[in-house]
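Coordinate inspection notes
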Amino acid sequence: MWKKRAVALWRARTLALCVLLCALLIPLTPEYPPIWLAVTLLAGASAMACAYIRLYAHTFSLRFTPEKIEILSGVFFRRSILLPAQDTIFTDLRSTPLERRLGLCRVRICGRGKVIRIFCLPRTQAEKIQHHAEELL
């Protein structure tokens, strides 16, 4: 359920940015007609980004073990991020007002030599990450 909210939030952000940029470009089209090409490409890129966001959310996974924190992500190329549990220094939870309303937040996990940022996690799972990191300290 939280992945649907996260996808909706990122799609709304993408479409809002597209609308803003199109609103800035369209008044320039009478003087410079090729701007329509830029507006068309911008709209197409926004549509592809919205499709990619959904695929990315389905391939994202987060695993906790007593020895490590593992994040698997990527649509076309799988990417794995490992952070040994003993290297975790602290975690930081943040959220925008819209994320709070949807029950989501961002987590930053700082470890020795690595900073991992995870966006649009449910608040309960983010607090579990924070609690897990505090146990290791």
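Structure: above.
Residues numbered from 1 in each chain as written. Predicted model: local features only at pLDDT ≥ 70, side-chain atom pairs only at ≥ 80, totals over all residues. Heavy atoms only, no water.

**Notes on the layout of surface pockets**
Put simply, the rule is: With a 1 Å grid spanning the protein atoms alone, the term cavity applies to any set of points in which a 1.4 Å probe fits but cannot get out, the term pocket to an open set with protein on both sides within 12 Å along at least five of seven lines, and the term lining residue to any residue with an atom within 4 Å of a point. Grid points are joined across faces, edges and corners, and a volume is the space filled by probe spheres set on the points. To qualify as a helix, a DSSP run of H or I must reach at least 4 residues; to qualify as a strand, a run of E must reach at least 2; elements of each kind are numbered from the N terminus. Amino acids outside the nonpolar list (Ala, Val, Leu, Ile, Met, Phe, Trp, Tyr, Cys, Pro) and the charged list (Asp, Glu, Lys, Arg) are all regarded as polar, and Gly is one of them.
Space inside the largest pocket adds up to approximately 450 Å³. Along the wall of the largest pocket there are 21 residues; nearest its centre are Trp10, Tyr56, Phe60, Phe119 and Cys120. For the lining of the largest pocket, the secondary structure elements donating two or more residues are α1 (2-25), α2 (35-59), β2 (68-73), β3 (79-84) and β6 (114-122). It is β6 that contributes the most residues to the lining of the largest pocket, 7 residues altogether. Its residues placed into classes, the lining of the largest pocket shows 17 nonpolar, 1 polar and 3 charged.

**Brief notes about a nonpolar patch on the surface**
We count it as follows: Patches here: salt-bridge-free residues with over 30% relative accessible area, like charges joined within 9 Å, nonpolar side chains (Val, Leu, Ile, Met, Phe, Trp, Tyr) joined within 5 Å. Using a 1.4 Å probe, the Shrake-Rupley method yields the accessible areas, and only the shown protein chains count as cover for residues. The term salt bridge refers to a side-chain nitrogen of Lys or Arg lying within 4 Å of a carboxyl oxygen of Asp or Glu.
Judged by side-chain polarity, Leu17, Leu20, Leu21 and Leu24 come together as a nonpolar surface patch covering roughly 370 Å² of accessible area. One can find Leu21 in helix α1.

Everything listed is a geometric property; what it means functionally is a separate question.
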